[in-house]
Amino acid sequence: MTAEFYKLATLPVTWVLLAAYAALELRSAPLLAAHAMATIAAVAGGRDNVAASLCAVPSRHRLFAFKVLTVALLSAALSLSARCLLLSLFALGLALLTRGVIWPLAFLAGVPILLTPILRAVIPTVEPYLPHEATAPVLAGWAATALAAAWLTLVRRDA
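Residues numbered from 1 in each chain as written. Predicted model: local features only at pLDDT ≥ 70, side-chain atom pairs only at ≥ 80, totals over all residues. Heavy atoms only, no water.

J.: Could you clarify how one ought to interpret the overall build of the chain in this entry?
T.: The secondary structure content of the chain amounts to 8 helices and 0 strands. Counting contacts in the chain only where the partners sit at least 6 residues apart, residues at least 24 apart contribute 68% of the total. As presented, the chain carries roughly 8,400 Å² of accessible surface, and 73% of it is formed by carbon and sulfur atoms. (Helix = DSSP H or I, 4+ residues; strand = E, 2+ residues; numbered from the N terminus. Contact = heavy atoms within 4.5 Å. Areas by Shrake-Rupley, 256 points an atom, 1.4 Å probe, with all protein chains shown as cover.)

J.: Quick question: what am I supposed to make of the environment of Ala 148 here?
T.: Structurally, Ala 148 can be placed in helix α8 (residues 136–156). C-alpha of Ala 148 to C-alpha of Leu 97: the two residues are 51 residues apart in sequence and 9.4 Å apart in space.

J.: Which parts of the structure should I look at to understand the environment of Glu 133?
T.: Tracing the backbone through its elements, the reader meets Glu 133 in the loop between α7 (102–122) and α8. Note on Glu 133: relative accessible area 39%, which makes it partly exposed. When the C-alpha positions of Glu 133 and Pro 112 are compared, they lie 8.5 Å apart, and in sequence the two are 21 residues distant. If we skip the residues at most four places from it in the chain, Glu 133 touches Arg 83, Glu 127 and Pro 128. (Buried < 20%, exposed > 50% of the residue type's maximum accessible area, 1.4 Å probe, protein only.)

J.: I would appreciate a short explanation of the packing of helix α5 (residues 60–78) against α8 in the present structure.
T.: A pair of packed helices can be characterised by two numbers: the angle between their axes and the separation between those axes. Between α5 and α8, whose axes approach to 9 Å, the crossing angle comes to 145°. Every pair of crossing elements has a handedness; the one defined by α5 and α8 is right-handed. Across from Arg 60, His 61, Phe 64 and Val 68 in α5, the residues of α8 making contact are Leu 147, Ala 150, Trp 151, Leu 154 and Val 155. (Axes fitted to C-alpha atoms, helices over the stretch in contact; angles between N-to-C directions. Left-handed = near helix turned anticlockwise from the far one by under 90°.)

J.: It is not clear to me how the packing of helix α1 (residues 2–10) against α5 should be interpreted in this structure. Could you clarify?
T.: It is at 9 Å that the axes of α1 and α5 come closest, and there the two elements cross at 55°. In terms of axis orientation, α1 runs oblique to α5. Along this stretch, α1 crosses α5, giving a crossing that reads as right-handed. Taken together, the residues of α5 that come into contact with α1 (itself represented by Glu 4, Phe 5, Lys 7 and Leu 8) are Leu 63, Phe 66, Lys 67, Thr 70, Leu 73 and Leu 74. (Parallel < 35°, antiparallel > 145°, perpendicular 65-115°, else oblique.)

J.: Looking at this structure, I do not really get α1. What am I missing?
T.: An α-helical turn contains 3.6 residues, so a residue and the one three or four places further along point in the same direction. Buried within α1 we find Glu 4, Lys 7 and Leu 8. Down the axis, α1 shows its buried residues gathered within 95° of arc, on one side only. Exposed side chains of α1 directed beyond 90 degrees from the buried face belong to Thr 2, Ala 3 and Tyr 6. (Arc of directions from axis to C-beta.)

J.: How should α7 be read in this particular structure?
T.: Roughly 50° is the biggest bend found in α7, and it falls at Gly 110, with proline Pro 112 one to four residues downstream. By the burial criterion, the buried members of α7 are Pro 104, Leu 108, Gly 110, Val 111, Thr 116 and Leu 119. (Bend = angle between axes of the 7 residues up to and from the residue.)

J.: Honestly, the nonpolar core in this entry has me stumped. Any pointers?
T.: Soluble globular proteins: nonpolar side chains tend toward being buried together. If you look at the biggest cluster of nonpolar residues, it comprises 39 residues, and the most contacted ones within it are Ile 40, Phe 64, Leu 87, Leu 89, Phe 90 and Leu 92. For Ile 40, the contacting residues outside a window of four places in its chain are Leu 8, Thr 14, Leu 17, Leu 18 and Leu 74. (Core = buried A, V, L, I, M, F, W, Y, C linked by side-chain atoms within 4.5 Å.)

J.: Whenever I open this one, a nonpolar patch on the surface confuses me. Can you help?
T.: Nonpolar side chains collect at one region of the surface, where Phe 5, Leu 69 and Leu 73 lie side by side and expose about 240 Å² of accessible area between them. With respect to the element layout, Leu 73 can be found in helix α5. Taking the relative accessible area as the measure of exposure, Leu 73 reaches 42% and is therefore partly exposed. (Patch = residues over 30% accessible without salt bridge, like charges linked within 9 Å, V, L, I, M, F, W, Y side chains within 5 Å. Salt bridge = Lys/Arg side-chain N within 4 Å of Asp/Glu carboxyl O.)

Read these as layout, nothing more, since geometry by itself doesn't imply function.
Here is the structure:
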């Protein structure tokens, strides 16, 4: 787990995102700050060379647990919001599932900007269940589903 913290600490993008997170928290923009923390989680999961990580930690279960614990501890330490923690875990699950940063960030930015207005017009009852609008229990379901899918793919997929 120390290696995961070290990896995050040595990426310049992490420090830029942490500065953005701090600025957004100070400006009382909790949803944008939560998205900044989710971006850090996506970078933690998506900028990783899985083959190299598996050489250092051969157990895929342990590697997955370390990644989840690192993101959870970082999110919990920097934010007192359960929403921020759950959104970060959701972004980490998407990043580990897709093995990249682009698709999780496109989903987290694209759904609120592009999909929500369309869904609001067509099916207004589905909007409270989207990740950026969801309550904590619904967001916990999104995070658990993404992490379970990421765990299954990490355990079963070749490096």
